[in-house]
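# Per-entry structural report
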Amino acid sequence: MAEGRMRGSAAPNNLYFPLTLTLSLREREFSRQYHLKRELLKFAIFTILVLLLPLAAKEGYILNVLVFVGIHSILAIALNLLLGYAGQISLGHAGFFGLGAYISGVLTATHGQNPWLAMCYAAGAVGILAFVIGFPILKLKGHYLAMATLGLGIIIYILFNETVDLTGGPSGLSGIPNLTLGTLTFDNDLKNYYLVWTFTLVAILLAVNLANSRIGRALRAIHDSETAARLMGINARFLKVQVFALSALLCSVAGSLYAHVMTFVAPASFGFNFSVELVTMVIIGGLGSIYGSVLGAAILTLLPELLRAFQDYDIIIYGLILILMTMFLPGGLVSMAPVFMSLLRGRRKQPGGAHAEA
Amino acid sequence: MSRTVFSVFLGILLTAAGAFAAEPIKIGALFAVTGPAAFLGEPERNTAQMVVDEINKGGGIKGRKLELVVYDTQGDSTKAVQAATRLIKEDNVVAIIGPSTTGDSMAVIPVVEKAKIPMVSCAAGMKITDPVKKWVFKTAQNDTLAVEKIYEHLKKRKVSRVAILTVSDSFGSSGREQLKAQAAKFGIQILVDDTYGPKDTDMTSQLTKVRGTQAEALICWGTNPGPAVIARNAKQLGLKMPLYMSHGVSSKKFIELAGDAAEGIMIPSGRVIVADLLPKSDKQKKSLMAFVKDYQNHYRKEGDHFGGHAWDAVMLLKGAIEKGGATPDGIRNQLEKTRNFAGIGGIFNYSPADHAGLTKDAFVLVEIKKGDWVLVK
């Protein structure tokens, strides 16, 4: 198809990004810069939005919910890197989240370790664990991978429940200190909001950067066809394990934040249900879209709160909304974005695919 | 100009309205109405709503109606914290009832302690009120009290060698811990300490092991259906020693499941299931009969222990509001001064050093005879 151009213009390390093959070098450079600018703009707008939101929320309970939206966003972004980009499902991510929370919790509450150090230890330990487990587990595909990760999540969950002396068992571990920075203690919703969202913004930046890099393109190639990706010289197996470990590491950081914000952890928050909720966040938001993940996390965290007005029927309505969203917006909520933007501008722009909307 | 007039007018209107119809007293409730702990949360929610309705029918508290704001925690501590924050910041409640589970309660404690809102938990875990937290009380009986009740009876019968068989979940492990910790105090020797899984369907091997020892009694700690299986297996094996179960099975459901094998089994239990058998002199009789009758009328179902915990929580708050006024401070201080409150779970005596308020007399020992409960004297 694009043989001629390929020989002429495409650099060898970009061979596996089919789209670039059709562009000349100059066009590509231009499009890259344009893309970069657009990403930066998006990020800047989003950051301002995040900074200003507490003004609208005042000191109400919504601020408390928004803290959890931030934590869930990190988790959804982490899972999206694996599920949306590399196309590898995980039904055990709540386990990594829980490990981060418990390692931080036990180290600080029981052993009086510095919370920031504990967070680093947790992230390191969980990252290494995922890296080691990743090799055998990611050899599996499809349903088998889903089952293996599901099993992993359940094993971790059982560990939290059964190691009563260490974790406090089913009734939880309390007395975890808040994070501090110098004389500043993150002990109310407003401070926690800025703390958590700083981490979320960094996670977004990291993820967007990764998605637009060579590695990001390689991951998408694996997603489309692992065999083809390998043929083009991608070390698919290693890359999958790496992204799995990174994803777990991010979850662990989110877990540590959760532990210090809540000052309490119990196993019930890290069960299979929560793993499924995370997958739902990513899919509702849009696979392969970082901001989509944030949106998905926000919707799934805020919706139950808004629906409390319906009392006993809230679960039914909640389920119904999720069904309708997946039926009519299979590309996720972000697939609405181009339509929305064109409405805003009053003219129809060519809608970008879900991948390009990262 | 017109704006000033308007705001003055509005101000007068509001004060007038406040004077005529006293604002309702808002009480928050956190129950695990759905999720794995729904068997706790549902009867608790039903009972709390019922009691509040009854109080309002009777004219409320000092002319002010009660308003109950219930949020579902789904047994998840994250949701419990969000809901508690909402109750405090959005709904401005003066006190909180619940949560249903120990985990949820522990999660909510930092929130209520910081906001200085009194909370009356309906969960059983000892750590909720041990050590004592300024704003936290609870109504469900500690597991320790049930253990003491059994050991006391064993001592009376001069039985000193026992076997224990506990389920390997949070309820069983807490029971096992207490059984072992209290044994020495009552001069009891545990010869066999065995466990079974929550989903096991045959305990013959554990029971065979027990049969081969000098044990004079078997104590089993679990919730349905495990203990029923043990009762059946024990009968099949012809095990002659007396069998004690925990308060985890003090419901009609256990008798249904165990059938004939339930005969002669002894259980420490709250008084709800034997309300009509109690002598007139029992201080709790009045409360118990009221609860059982009201619940039957409202929901066409038998009231259970869990509903009882919520009943106690609402009534304790009612008493505190009557004496101390409808402010968080007043309620807390009056709650702590509660003495001899005869509720469903027992007779409550709170003090600055004790926010659980019950003794082992909160339990009675019942025996199963001809498929029904009989009080053991």
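Keep in mind that this is a model prediction, so the values were computed, not measured.

The helix and strand tally for chain B stands at 12 helices and 14 strands. Overall, chain B is about 95 × 40 × 35 Å in size when its C-alpha atoms are taken along their principal axes. By residue count, 51% of the 377 residues in chain B fall in the buried class. For chain B, the share of sequence-separated contacts (at least 6 apart) that also reach a separation of at least 24 residues comes to 67%.

This part covers the overall build of chain A. For chain A, the helix and strand inventory stands at 16 helices and 4 strands. When each of the 358 residues of chain A is scored for burial, the buried share is 46%. Here the contacts in chain A between residues at least 6 apart in sequence split such that 73% fall between residues at least 24 apart.

With that out of the way, let us pick up unusual backbone geometry. All names here are of chain B. In this model, Asp-130 is joined to Pro-131 through a cis peptide bond whose omega is 5°. Checked against the element boundaries, Pro-131 lands in the loop between β4 (119-121) and β5 (136-138). Between Asn-224 and the following residue, Pro-225, the backbone shows a cis peptide bond with an omega angle of 5°. Relative to the helices and strands, Pro-225 is located in the loop between β8 (217-221) and α8 (226-237). Its identity as a non-glycine residue notwithstanding, Asn-92 has a phi of 50°, on the positive side. Along the chain, the position of Asn-92 falls in the loop between α3 (77-89) and β3 (95-97).

Our next topic: the pairing of strand β7 (residues 189-196) of chain B. Taken together, the 7 bridges between strand β6 (residues 161-167) of chain B and β7 of chain B define a ladder with parallel strand orientation. Within β7 of chain B, the position partnered with Ile-164 of chain B by the bridge is Asp-193 of chain B.

A few words on the interface of chain B and chain A. Across the contact, 21 residues belong to chain B and 20 residues belong to chain A. Elements with a contribution of two residues or more to the side of chain B that touches chain A: α3, α4 (102-115) and α6 (170-183) of chain B.

All names here are of chain A. An ideal rise of 1.5 Å per residue puts 36 Å on 25 residues; helix α4 (residues 61-85) measures up with 35 Å between its terminal C-alpha atoms. The principal kink in α4, of about 35°, is found at Leu-79. Summarising burial for α4: 25 of the 25 residues are buried, a large majority.

Attention now moves to the domain arrangement of chain B. All names here are of chain B. Per the domain assignment, the segments of chain B are domain 1 (9-141 + 287-360) and domain 2 (144-269). Averaged C-alpha coordinates put domain 1 and domain 2 at centres separated by 33 Å. With 6 residues of domain 1 at the contact, the number on the domain 2 side is 6 residues. Broken down by class, the residue content of the side of domain 1 that touches domain 2 amounts to 2 nonpolar, 2 polar and 2 charged.

Right, let's get into the confidence of the model for chain A. A residue-level look at chain A finds 89% of positions with pLDDT of 70 or above and a mean pLDDT of 86. Across residues 1-16 of chain A the pLDDT falls below 50, and counting only partners more than four positions away or on other chains, this stretch makes 19 contacts in the model.

Right, let's get into the nonpolar core. Ranked by internal contacts, the top residues of the largest apolar core, which has 220 residues, are Ala-84 and Ile-96 of chain B. Looking at this core element by element, the count peaks at 19 residues for α4 of chain A. Here this core spans two domains, and each of domain 1 (9-141 + 287-360) and domain 2 (144-269) of chain B adds at least three residues to it. In this view, Ile-96 of chain B contacts Gly-28, Ala-29, Leu-30, Ala-84, Leu-87, Val-112, Ile-117 and Met-119 of chain B; residues no more than four positions away in its chain are not counted.

Residue and element names in this part refer to chain B. Side chains Val-364, Val-366 and Ile-368 of strand β13 (residues 364-369) all project onto a buried face; the interleaved residues Leu-365, Glu-367 and Lys-369 project onto a face where none is buried. With 4 bridges connecting them, β13 and strand β14 (residues 372-375) associate as antiparallel partners. Bridge pairing in β14 places Lys-369 opposite Asp-372. Linkage of β13 to β14, two consecutive antiparallel strands, is achieved through a turn of 2 residues, within which Lys-370 is found at a positive phi near 50°.

All names here are of chain B. In the predicted model, chain B carries a mean pLDDT of 90, and the fraction of residues at 70 or more is 94%. Counting contacts from residues 16-20, a segment whose pLDDT is below 50, to residues more than four positions away or on other chains yields 1 contact. Here the predicted complex carries an ipTM of 0.80, next to a pTM of 0.83.

What follows is about the sheet that holds strand β1 (residues 25-31) of chain B. Residues and elements named next belong to chain B. A sheet is described by the order of its strands in space; here 5 strands give the open sequence β2-β1-β3-β4-β5, paired in parallel fashion. The open sheet terminates on both sides in strands that have one partner only, identified here as β2 (66-72) and β5. Across the sheet, the mean angle separating the axes of adjacent strands is 25° when strand polarity is ignored. In terms of strand pairing, β4 meets β5 through 3 bridges, oriented parallel. Its bridge partner being in β5, Val-120 is matched across the sheet by Phe-137.

Let us look at the packing of helix α5 (residues 93-110) of chain A against helix α7 (residues 142-162) of chain A. Residue and element names in this part refer to chain A. The N-to-C vectors of α5 and α7 enclose an angle of 30°; their axes lie 8 Å apart at closest approach. Considering the angle they form, α5 stands roughly parallel to α7. Judged by the sense of rotation from one axis to the other, the crossing of α5 with α7 is left-handed. When α5 is examined against α7, the residues Ala-94, Gly-95, Gly-98, Leu-99 and Tyr-102 are found in contact with a partner set consisting of Leu-152, Gly-153, Ile-156, Tyr-157 and Phe-160.

So, on to the packing of α5 of chain A against helix α12 (residues 236-262) of chain A. Residue and element names in this part refer to chain A. Two elements in contact, α5 and α12, have axes separated by 7 Å at closest approach and are oriented at 50°. The angle between α5 and α12 falls in the class oblique. Where α5 crosses over α12, the two elements pack in a sense that is right-handed. Only Ala-248, Cys-251, Ser-252, Val-253, Ala-254, Gly-255, Ser-256, Tyr-258, Ala-259 and His-260 of α12 make contact with α5, whose side of the interface consists of His-93, Phe-96, Phe-97, Gly-98, Leu-99, Gly-100, Ala-101, Ser-104 and Gly-105. Of the residues that constitute the contact of α5 with α12, the class distribution is 10 nonpolar, 9 polar and no charged.

Turning our eyes to something else, we now look at the environment of Ala-290 of chain B. Summarising the element assignment, Ala-290 of chain B is placed in helix α10 (residues 285-299). Considered as a pair, Ala-290 of chain B and Ala-275 of chain B are 15 residues apart in the sequence and their alpha carbons are 9.9 Å apart.

Residues and elements named next belong to chain B. Looking at where Ile-25 falls in the secondary structure, it is placed in strand β1. The spatial distance from the C-alpha of Ile-25 to the C-alpha of Ile-321 is 9.4 Å, given a sequence separation of 296 residues. Once you skip the residues sitting within four places of it in the chain, Ile-25 turns out to touch Ile-61, Arg-64, Leu-66, Glu-67, Val-94, Ile-321 and Ala-326.

About the criteria used
Residues numbered from 1 in each chain as written. Chains lettered and ligands numbered in written order. Predicted model: local features only at pLDDT ≥ 70, side-chain atom pairs only at ≥ 80, totals over all residues. Helix = DSSP H or I, 4+ residues; strand = E, 2+ residues; numbered from the N terminus. Buried ≥ 20, exposed ≤ 12 C-beta atoms within 10 Å, placed from the backbone. Contact = placed C-beta atoms within 7 Å. Pairing = 2+ DSSP bridges. Expected span 1.5 Å × (residues − 1). Bend = angle between axes of the 7 residues up to and from the residue. Domains from an automatic or database assignment. Nonpolar A, V, L, I, M, F, W, Y, C, P; charged D, E, K, R; others polar. pLDDT = per-residue confidence, 0-100. Core = buried A, V, L, I, M, F, W, Y, C linked by C-beta atoms within 7 Å. Axes fitted to C-alpha atoms, helices over the stretch in contact; angles between N-to-C directions. Parallel < 35°, antiparallel > 145°, perpendicular 65-115°, else oblique. Left-handed = near helix turned anticlockwise from the far one by under 90°.

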